[in-house]
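One letter stands for each residue in the lines below.
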Amino acid sequence: MSEPVLVIMAAGLGSRYGGGGLKQVDPVGPCGERIIDFSMYDAYKAGFRKVVCVIKRDMLEDFKKEIAAPIEKYMQIDYAFQELTDIPEGCDIPEGREKPWGTGHAALCGARLCGDAPYAVINADDFYGREAYEKLYNFLKSANLEGPVQDLCMVGYQVKNTISENGYVARGVCATEDGMLAQVVERTKIGRTPDGTIGYSEDDGETWVHISPETPVSMQFWGFTPGFTKSLEEEYVRFFSEDLPKNPLKGEFFLPFAVNAMLQQGRATVRVLETGGKWYGVTYRVDRQSVVDALQELTDKGEYPTPLWG
């Protein structure tokens, strides 16, 4: 079996606060490292030796210079470009459409370069922790690549370890049965409720649905076998024919939607690899300092060298 590949969805780097280049990406490490630097380091330590970075075409030179250069002697880095013109044959781009096609499309762009290798998919601006990479790499190394049912996985974080104390976040809330994913539902407003518990709202905070702090949520850390790429291509075509006409300017093809569709059709099983680790990310500007402090603490404990790649 081919060695597992890491696909990093990085086309949106720098867009959180406006702009779209690497100059807008906050350094958070002791030596000015970005979150994506820690992601690739953790992946390397877990066993990954090839990375496919999904970026905008105009980011390529800056990405190679500012991020890839010190890593290329340790890992093979390939590039896929997420472009608005990459659409199914016979389809058209809606007039006035500027928004990218979504995480499902980004993952597909990277998956096309993975060939017959199983692959992991992550967000570029999420810190997942070493344990998550080790668990997912080990799963992919032993995954069943044969048969009509896809053998997939995802890392499930306890929701209490993923919320921001500075506002609400979007998370994929998971329902599981015996460690297997039954359904993932995207909730766009999760956080502390007025009484201090954790919950989500679907009416802009008028009412809240409380959830257990240990509820597993998806942070876009998935593990796929090679056959998933064909299924993802099929779902992308279906998105254009069935979903996009309902919202032509803003509709997006989300990766969890494609996974859900395969689950409901009985074409996949998804093992939830639970972790008690803490996720870090900069959802709001004021989150940045907590990420900086956490990474400094991990470095002080010896989990990361300074600088990362020597």
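Reading the values: the criteria
Within each chain, residues carry numbers counting from 1 in the order of the written sequence. Under the rules for a predicted model, residues below a pLDDT of 70 receive no local features and side-chain atom pairs below 80 are neither given nor counted, while totals for whole chains, interfaces and linings still include all residues. For the side-chain quantities, the full set of heavy atoms in the structure was used; hydrogens and water were omitted. Axis lines are fitted through C-alpha atoms, for helices just across the contact stretch, and the angle between N-to-C directions can take any value from 0 to 180 degrees. Helix and strand assignments come from DSSP, with helices taken as H or I runs of at least 4 residues and strands as E runs of at least 2, each series counted from the N terminus. For classification purposes, angles smaller than 35 degrees are called roughly parallel, those larger than 145 roughly antiparallel, those between 65 and 115 roughly perpendicular, and all remaining angles oblique. Helix crossings get a hand from a simple test, with the near helix turned counterclockwise from the far one by less than a right angle marking a left-handed crossing and a clockwise turn marking a right-handed one. The criterion used for residue contact is that any of the two residues' heavy atoms lie within 4.5 Å. Residue polarity follows a fixed list, in which Ala, Val, Leu, Ile, Met, Phe, Trp, Tyr, Cys and Pro are nonpolar, Asp, Glu, Lys and Arg are charged, and the others, Gly among them, are polar. Strand pairing is defined by DSSP finding a minimum of two bridges between the two strands. Only protein chains enter the accessibility calculation, which uses a 1.4 Å probe; a residue whose area is less than 20% of its type maximum is buried, one above 50% is exposed, and one in between is partly exposed. The disulfide criterion used throughout: a pair of cysteine sulfur atoms within 2.5 Å. We place a 1 Å grid over just the protein atoms. Points where a 1.4 Å probe fits but has no way out form a cavity, open points with protein on both sides within 12 Å along at least 5 of 7 lines form a pocket, and any residue with an atom within 4 Å of a point lines it. Grid points are joined across faces, edges and corners, and a volume is the space filled by probe spheres set on the points. Here a salt bridge means any side-chain nitrogen of Lys or Arg lying within 4 Å of a carboxyl oxygen belonging to Asp or Glu.

Trainee: I keep staring at the packing of helix H1 (residues 35-46) against helix H4 (residues 130-142) and nothing clicks. Help me out?
Mentor: Relative orientation and spacing of two packed helices are given, respectively, by the angle between their axes and the distance between those axes. Put simply, H1 and H4 touch, their axes get as near as 8 Å, and they point 45 degrees apart. Taken as axis vectors, H1 and H4 run oblique relative to one another. Considering only the axes of H1 and H4, their crossing is right-handed. The residues of H4 that touch H1, namely those facing Ser39, Tyr41, Asp42, Ala43, Lys45 and Ala46, are Arg130, Tyr133, Glu134 and Tyr137. Classifying every residue of the contact of H1 with H4 by side-chain character gives five nonpolar, one polar and four charged.

Trainee: Please explain the pairing of strand S7 (residues 169-177) as it appears in this structure.
Mentor: Along any regular strand, the residues point their side chains to alternate faces of the sheet. Where S7 lies against strand S8 (residues 180-192), eight bridges are found, and the strand directions are antiparallel. Within the sheet, the bridge partner assigned to Glu177 lies in S8 and is Met180. Between S7 and S8, which pair antiparallel and follow one another directly, the connecting turn spans two residues, one of which, Asp178, has a positive phi of 55 degrees. Sheet topology places S7 next to strand S11 (residues 216-224); two bridges connect them, and they run antiparallel.

Trainee: So what exactly am I meant to see when it comes to the pairing of strand S1 (residues 5-9) here?
Mentor: Counting buried positions over the five residues of S1 gives five, a clear majority of the element. Burial of the side chains of S1 extends over both faces: Val5, Val7 and Met9 are buried on one face and Leu6 and Ile8 on the other. Two elements, S1 and strand S4 (residues 119-123), share five bridges in a ladder whose sense is parallel. Directly across from Met9, in S4, lies its bridge partner Asn123. Two strands pair when backbone bridges link them, and S1 and strand S2 (residues 50-55) are joined in this way by four bridges, in the parallel orientation.

Trainee: Looking at this model, I keep getting lost on the state of the cysteines. Mind explaining?
Mentor: By definition, a disulfide is the covalent link that joins the sulfur atoms of two cysteine residues. What the rule picks out here adds up to zero disulfides. Unpaired in this structure, Cys109 has its nearest cysteine sulfur neighbour in Cys114, at a distance of 12 Å. Free of any disulfide, Cys153 has its nearest neighbouring cysteine sulfur in Cys174, separated by 12 Å. Classification of Cys153 as buried rests on a relative accessible area of 0%.

Trainee: Looking at this model, I keep getting lost on the layout of surface pockets. Mind explaining?
Mentor: Any empty space left between the atoms is revealed when a probe the size of a water molecule rolls over them. For the second largest pocket, the calculated volume is near 190 Å³. Around the second largest pocket, the lining comprises 14 residues; the ones closest to its centre are Ile163, Ser164, Glu165, Lys278 and Ser290. Those elements that provide at least two residues to the lining of the second largest pocket are strand S13 (280-281) and helix H7 (288-300). The residue makeup of the lining of the second largest pocket, split by class, is five nonpolar, five polar and four charged.

Trainee: Which parts of the structure should I look at to understand the pattern of salt bridges?
Mentor: Charged atoms that come close allow side chains of opposite charge to pair. Under the definition given, this model contains 19 salt bridges. A salt bridge links Glu252 to Lys99, with the shortest nitrogen-to-oxygen separation between them at 3.4 Å. Highlighted residues: Glu252 in the loop between helix H5 (228-243) and helix H6 (255-264) and Lys99 in the loop between strand S3 (76-81) and helix H3 (103-111), separated in sequence by 153 residues. A residue is classified by how much of its surface remains accessible, and Glu252, at 24% relative accessible area, is partly exposed. Owing to a relative accessible area of 33%, Lys99 belongs among the partly exposed residues under this scheme. Residue Glu165 pairs with Arg192 through a salt bridge whose shortest N-O separation is 3.7 Å. Taken as a pair, Glu165 in the loop between strand S6 (150-158) and S7 and Arg192 in strand S8 lie far apart in primary sequence, 27 residues in all. Under the relative-accessibility criterion, Glu165 is labelled exposed at 58%. One continuous salt-bridge network, built from bridges that share partners, spans Glu235, Arg238, Glu242 and Asp243.

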